[in-house]
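As a plain string of letters, each chain reads:
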Amino acid sequence: MESAPTRPEPRRVRLDHQQVRVLAHPLRMRLVGALRVNGPATATRLAELLDTNTGATSYHLRQLAEVGMVVEDPDLGTGRQRFWRAAHEVTQWEASDYDDDPDARAAIEWIEADYIRFFSHHAERWAARRHEWSPAWRDAFGMGDFFMRIPADRLEAIKAEVFAVFERHRDETDPDDPDAELVQLYLAAFPLSPVLPPTEEKP
């Protein structure tokens, strides 16, 4: 019995200092996201999707290309028409990666804050239109939380395991299933009392 073909491992990037500084821009973040979700596109098409102008998308695509966040797709381009695609499917970083570079640290803090703003806006839009979805999808979507007292290394292990579950279900699902929808899963972990410092070690 032949085994089912496996999908290639998602192309990942661990943001270096230059990439994080270039990516910390609202339109550039949206350009990378649009290319990851919708696939290759021209600057004109991206301008239509993001409600901006072609000059702006062309300029910022070139800035992203200089640091390897997007690349041209020569198989799709014809004549003067240039198609761009995201160079990676997954972006990774640790906040401490940039502790030695104030500009990069400020950039990653902006990116994380923008991510929180996007999540909040996304959740509000879903809440306003959830009545348009079937009961099965309304039950499947949603949020929850869980409290525990654990050390940092175990929290890192939980995050890695959860992402592995996400990837397994993605790889085992037929994207052409007529019952499938494009969904976005979030994973967040915060201190329960963010205004309090970590527990001091006892002597």
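Parameters at a glance
- Residues numbered from 1 in each chain as written.
- Predicted model: local features only at pLDDT ≥ 70, side-chain atom pairs only at ≥ 80, totals over all residues.
- Heavy atoms only, no water.
- Helix = DSSP H or I, 4+ residues; strand = E, 2+ residues; numbered from the N terminus.
- Buried < 20%, exposed > 50% of the residue type's maximum accessible area, 1.4 Å probe, protein only.
- Contact = heavy atoms within 4.5 Å.
- Areas by Shrake-Rupley, 256 points an atom, 1.4 Å probe, with all protein chains shown as cover.
- pLDDT = per-residue confidence, 0-100.
- Axes fitted to C-alpha atoms, helices over the stretch in contact; angles between N-to-C directions.
- Parallel < 35°, antiparallel > 145°, perpendicular 65-115°, else oblique.
- Left-handed = near helix turned anticlockwise from the far one by under 90°.
- Nonpolar A, V, L, I, M, F, W, Y, C, P; charged D, E, K, R; others polar.
- Patch = residues over 30% accessible without salt bridge, like charges linked within 9 Å, V, L, I, M, F, W, Y side chains within 5 Å.
- Salt bridge = Lys/Arg side-chain N within 4 Å of Asp/Glu carboxyl O.
- Lys, Arg positive; Asp, Glu negative; His and termini not counted.
- Charge placed at Lys NZ, Arg CZ, Asp CG, Glu CD.

Turning next to the overall build of the chain. In terms of helices and strands, the chain carries 7 helices and 5 strands. From first element to last, N terminus to C terminus, the chain shows the α and β order β-α-α-β-α-α-β-β-β-α-α-α. Counting every position in the chain, which comprises 203 residues, the buried fraction comes to 20%. Across the chain, contacts joining residues at least 24 apart in sequence account for 64% of those joining residues at least 6 apart. Summed over all atoms, the accessible surface of the chain reaches about 15,400 Å², with 54% contributed by carbon and sulfur.

This part takes up the confidence of the model for the chain. Confidence along the chain averages 88 in pLDDT terms, with 90% of residues attaining 70 or more. Element-level mean pLDDT values for the chain span from 88 in strand 1 (residues 12-14) up to 97 in helix 4 (residues 54-66). The low-confidence segment residues 1-7, where pLDDT is below 50, has 5 contacts with residues more than four positions distant or belonging to other chains.

Looking at where Gln-19 falls in the secondary structure, it is placed in helix 1 (residues 17-23). Not counting the four nearest positions on each side in its chain, Gln-19 is found in contact with Val-13, Arg-14, Val-67 and Met-69.

In this section: the packing of helix 3 (residues 43-50) against helix 4. Look at helix 3 against helix 4: their axes get within 8 Å of each other, and the N-to-C directions meet at 115°. When the interaxial angle is binned, helix 3 and helix 4 end up roughly perpendicular. When you trace helix 3 past helix 4, the crossing you get is right-handed. Counting all contacts with helix 3, which are made through Ala-43, Thr-44, Leu-46 and Ala-47, the residues of helix 4 involved are Thr-54, Thr-57, Ser-58 and Leu-61. Of the residues belonging to the contact of helix 3 with helix 4, the class tally is 4 nonpolar, 4 polar and no charged.

With that settled, the discussion passes to a negative patch on the surface. On the surface, Asp-174, Asp-176, Asp-177, Asp-179 and Glu-181 cluster together to form a negatively charged patch. Checked against the element boundaries, Glu-181 lands in the segment after helix 7 (152-172). Under the relative-accessibility criterion, Glu-181 is labelled partly exposed at 43%.

A separate point is the packing of helix 2 (residues 26-38) against helix 4. It is at 10 Å that the axes of helix 2 and helix 4 come closest, and there the two elements cross at 85°. Classed by the angle they form, the pair helix 2 and helix 4 counts as roughly perpendicular. Between helix 2 and helix 4, the residues in contact are Leu-27, Arg-28, Leu-31, Val-32 and Leu-35 and Ala-56, Thr-57, Tyr-59, His-60, Leu-61, Gln-63 and Leu-64, respectively. A breakdown of the residues in the contact of helix 2 with helix 4 according to their chemical character gives 8 nonpolar, 3 polar and 1 charged.

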